[in-house]
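Letter by letter, the chains look like this.
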Amino acid sequence: MRTAKIVAAAVLMTTVLYGCSQRSEAQAPPAPAVTVATPLVRGVQDWDEFTGRFEATQSVEVRARVGGYISAVHFRDGDYVRRGQLLFSLDPRPAQAALASARAQLSQAQAQLALARSELTRSETLLESQAVSQAEVDTRRGALQTAQAAIAAANANVRARQLDLEFTRVTAPISGRVSDRRVDAGNLVAGGSSAADVLTTVVSSAPIHFVFDGSEAVLLKYQRQARNGAAPIQVRLQDETDFTRSGTLDFTDNAVDTSSGVIRLRAVIPNADGFLKPGMFGQARLAGAGSYNAMLVPDAAIATDQARRIVYVVAADGSVAPRPVELGPLVDGLRVIRSGLQPTDRVIIVGVQRIQGPGMKVQAKTGQIRPVAQRAQQAPVTQAAPASSATFANSLSSVD
């Protein structure tokens, strides 16, 4: 009887275990569905990006070269003025009086010269008859030379007074956009030195400089590329999404700033319409290297495994394997993969978050990688741009 009970218990246990096994097999989850695609292979161009500020190629603080009362202002605030155009008039009467006095002194010196020349001639004649001494003749000759020097001084004084009269007309030293007048007519201003009153400022508008700082690493890269001549550069403003303005890099400073480790660079940008103003901020990008073929995947397909960046590749049997990759810049929403992938690898582009580990099985659905073009309707970009970027080599905004 006891043996029968033991056999019945064993049968019951076997039945329970078999039922649990059947229930477990029935409740096993199916393989997750993911979308896979081979990397997009296209030619790209790397760019180094910088933040900088526009500066005028020429900027002048307009000061009077002589002091006096301002009698008239001959421009409207913000006008475009040409070099030599009259901006301010000072009361010319003091300068005219000084010029008249200088001319009178010149006439006096000329009379003294004539007298000295006549006396020397007379003395030389008398010397032949021994009527005067040689010392007297030498004195007359010295008086003539003094009179000649007085003539030269009087002529220089006349030219100086003529300049003072000319300087009562304050003209534009360069062509460009004039600021507002800092002093109105009727005011007395000082002139003739760097401490003189600033009447207005004039800045050139076309072309315009774009000045930015580059790191020592950037400097080394461009020097090792042995670039000759002006390097092309593209610039956009804070409210623009595309780099629509082009120029050339024309200046690199002669030393790296030891306190910050950066070096100053400058580009020349055409500005025929005068839209760019000194002091504006902008984003610039400088071609980092020649174009090359690169593999690209969506940024969302990249996962992090501790310090490594990986993508998941699906084999023919549906198993998943991680691939460590070296990342490059973004190109229209796609990430350049510098190494770690083959063009034939099937990369998971949708459903990466469903992968629990290497070796698991998935249901792979074939998709296609397409670049995400930046649209003009997007919100203005105001945040800082990355230190590097890239574009497709055949177009700045290619869309499949």
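Residues numbered from 1 in each chain as written. Predicted model: local features only at pLDDT ≥ 70, side-chain atom pairs only at ≥ 80, totals over all residues. Heavy atoms only, no water.

A. Main features of the packing of aromatic side chains. Enumeration over the complete set of coordinates arrives at 4 aromatic pairs. Ring centres of Phe54 and Phe210 lie 5.0 Å apart, and the angle between their planes is 65°; this geometry places the pair in the edge-to-face category. Taken together, the residues span a long stretch of sequence, with Phe54 in strand β2 (residues 40-56) and Phe210 in strand β11 (residues 208-215) at a distance of 156 residues. Of the residues examined, Phe54 reaches a relative accessible area of 0% and is grouped as buried. Between Phe75 and Phe88 the ring centres are 5.4 Å apart and the planes differ by 80°, which places this aromatic pair in the edge-to-face class. On the criterion of sequence distance, the pair formed by Phe75 in the loop between β4 (68-73) and β5 (80-81) and Phe88 in strand β6 (residues 86-90) is long-range, its members being 13 residues apart. (Phe/Tyr/Trp six-rings, centres within 6.5 Å; stacked < 30°, edge-to-face > 60°. Helix = DSSP H or I, 4+ residues; strand = E, 2+ residues; numbered from the N terminus. Buried < 20%, exposed > 50% of the residue type's maximum accessible area, 1.4 Å probe, protein only.)

B. Structural context of the environment of Ala217. Of note, Ala217 is situated in helix α4 (residues 216-224). Under the relative-accessibility criterion, Ala217 is labelled exposed at 54%. C-alpha separation for the pair Ala217 and Gly261, spaced 44 residues apart in sequence, amounts to 9.4 Å.

C. Focus on the confidence of the model for the protein chain. Taken residue by residue, the protein chain gives an average pLDDT of 83. The fraction at 70 or more is 84%. Taken together, the stretch residues 374-386 has pLDDT below 50 and engages in 16 contacts with residues farther than four places along the chain or on a different chain. (pLDDT = per-residue confidence, 0-100. Contact = heavy atoms within 4.5 Å.)

D. Layout of the sheet that holds strand β7 (residues 169-171). An order of β7-β6-β4-β9 is seen for the 4 strands of this open sheet, with the pairing classed as antiparallel. Of all strands in the sheet, those with a lone pairing partner are β7 and β9 (188-189), marking the two edges. As paired elements, β4 and β9 share 2 bridges and run antiparallel to each other. Within β9, the position partnered with Gly68 by the bridge is Val189. (Pairing = 2+ DSSP bridges.)

E. Layout of the sheet that holds strand β10 (residues 198-203). Taking strand neighbours across the sheet as the criterion, the 4 strands line up as β3-β10-β8-β5 in an open arrangement whose pairing is antiparallel. Bordering the open sheet on either side are β3 (59-63) and β5, each of which pairs with just one other strand. Pairing analysis gives 2 bridges linking strand β8 (residues 176-178) to β10, with the strands arranged antiparallel. Looking across to β10, one finds that Arg177 is bridged to Val203.

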